[in-house]
Amino acid sequence: MGKMSGAYCNFSIKEYACASSLSAITAGNLAELFKCKLSANSTVSRSVWKLFLSKTSLVLDAALDQLSNTTFDPIGPAVSLVLDAIGEIRLDTFSQANLINPAFIQHWFNSRLRPFLSSASVDFLSCLSTKNYSCVTYQSLYVSKETTIDQ
């Protein structure tokens, strides 16, 4: 999948995940893929999403920033699976300094992950509870989740 022609949604996430190189995918392309694949009633496994997102990890944060004002259907199973995969790829690598930094946590949960939080799985929430947040960052998490639920 060398040079992309702009027809990103014509390929499945599994095809992308199995591609030898995804270096041509930009943050904008990844954001577009999220929009079309998460609005479809897709049945891609968490492990396939994780492989795909691992291969696009260099542009993942910027793609999440572009999606910060997007709303995904919380009923679709893919949104929860993607959030779980992002949790494994990104949240599990946060340093202790990140976990106690309110601005860092607010940016991730109020912006980057906001479109996904209404579909958070029990696994995702359980993993969050194992982190060593400061009181202030924990409050940020709680406010992020409450704000997302209210929307």
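Computed from a prediction, not measured in an experiment: that's the story for all the values here.

Here the focus is the confidence of the model for the protein chain. Caution applies to low-pLDDT parts of the model: their predicted coordinates are not meant to be read in detail. Per-residue pLDDT for the protein chain averages 85, and the proportion of residues at 70 or more is 87%. The spread of mean pLDDT over the elements of the protein chain runs between helix α10 (residues 135–150), the lowest at 64, and helix α4 (residues 57–66), the highest at 96. A low-confidence stretch, residues 1–5 stays under pLDDT 50, and its non-local contacts, those more than four residues away or across chains, total nine contacts.

Remark: α4 packs on helix α7 (residues 102–112), axes separated minimally by 9 Å, with the N-to-C direction vectors making an angle of 55°. When the interaxial angle is binned, α4 and α7 end up oblique. Here α4 contributes D61, L64 and D65 to the contact with α7, which in turn contributes H107, W108, S111 and R112. Looking at the contact of α4 with α7 residue by residue, the class counts come to two nonpolar, two polar and three charged.

In this section: the state of the cysteines. A complete count under the given rule lists one disulfide for this structure. Here C9 engages in a disulfide with C36; their sulfurs sit 1.9 Å apart. Its torsion about the S-S bond being -100°, the disulfide of C9 and C36 is classed as left-handed. Of the two residues, C9 sits in the segment before α1 (13–18) while C36 sits in helix α2 (residues 27–39), which places them 27 residues apart along the sequence. Residue classification places C9 among the partly exposed positions, given a relative accessible area of 29%. What makes C36 buried here is its relative accessible area of 19%.

As a packed pair, helix α3 (residues 46–55) and helix α5 (residues 77–89) sit with axes 9 Å apart at the nearest point and diverge in direction by 50°. The angle between α3 and α5 places the two elements in the oblique class. Considering the relative orientation of α3 and α5, their crossing is right-handed. In this structure, α3 contributes R46, W49, K50, L53 and S54 to the contact, and α5 contributes A78, L81, V82, D84, A85, I86, E88 and I89. Grouping the constituent residues of the contact of α3 with α5 by class yields eight nonpolar, one polar and four charged.

Cut-offs used in this document
- Per chain, the residues get numbers from 1 upward, laid out in the order the sequence is written.
- Per-residue local features are limited, in this predicted model, to residues with pLDDT of at least 70; the limit for side-chain atom pairs, both in listing and counting, is 80 or more; totals at the level of whole chains, interfaces and linings are taken over all residues.
- In computing side-chain values, all of the structure's heavy atoms are included and hydrogens and water are not.
- The pLDDT value tells you how sure the predictor is about a given residue, anywhere from 0 up to 100.
- Each helix is a run of H or I in the DSSP string that is no shorter than four residues. Each strand is a run of E no shorter than two, and both are numbered from the N terminus.
- Any two residues whose heavy atoms approach within 4.5 Å at even a single point are treated as in contact.
- Angular values range over 0 to 180 degrees, each being the angle between N-to-C directions of two axes fitted as lines to C-alpha atoms, with helices fitted over their stretch in contact.
- Angles are sorted into four bins: roughly parallel if under 35 degrees, roughly antiparallel if over 145, roughly perpendicular if 65 to 115, and oblique for all others.
- Under the convention adopted here, Pro, Cys and the residues Ala, Val, Leu, Ile, Met, Phe, Trp and Tyr are nonpolar, Asp, Glu, Lys and Arg are charged, and Gly plus all remaining residues are polar.
- In this description, the term disulfide denotes a pair of cysteine sulfurs within 2.5 Å.
- Under the scheme applied here, a residue whose accessible area is under 20% of the maximum for its type counts as buried, over 50% as exposed, and between as partly exposed, the area being computed with a 1.4 Å probe on protein chains only.
- Should the near helix be turned anticlockwise from the far one by less than a right angle, the crossing is left-handed, and should it be turned clockwise, the crossing is right-handed.

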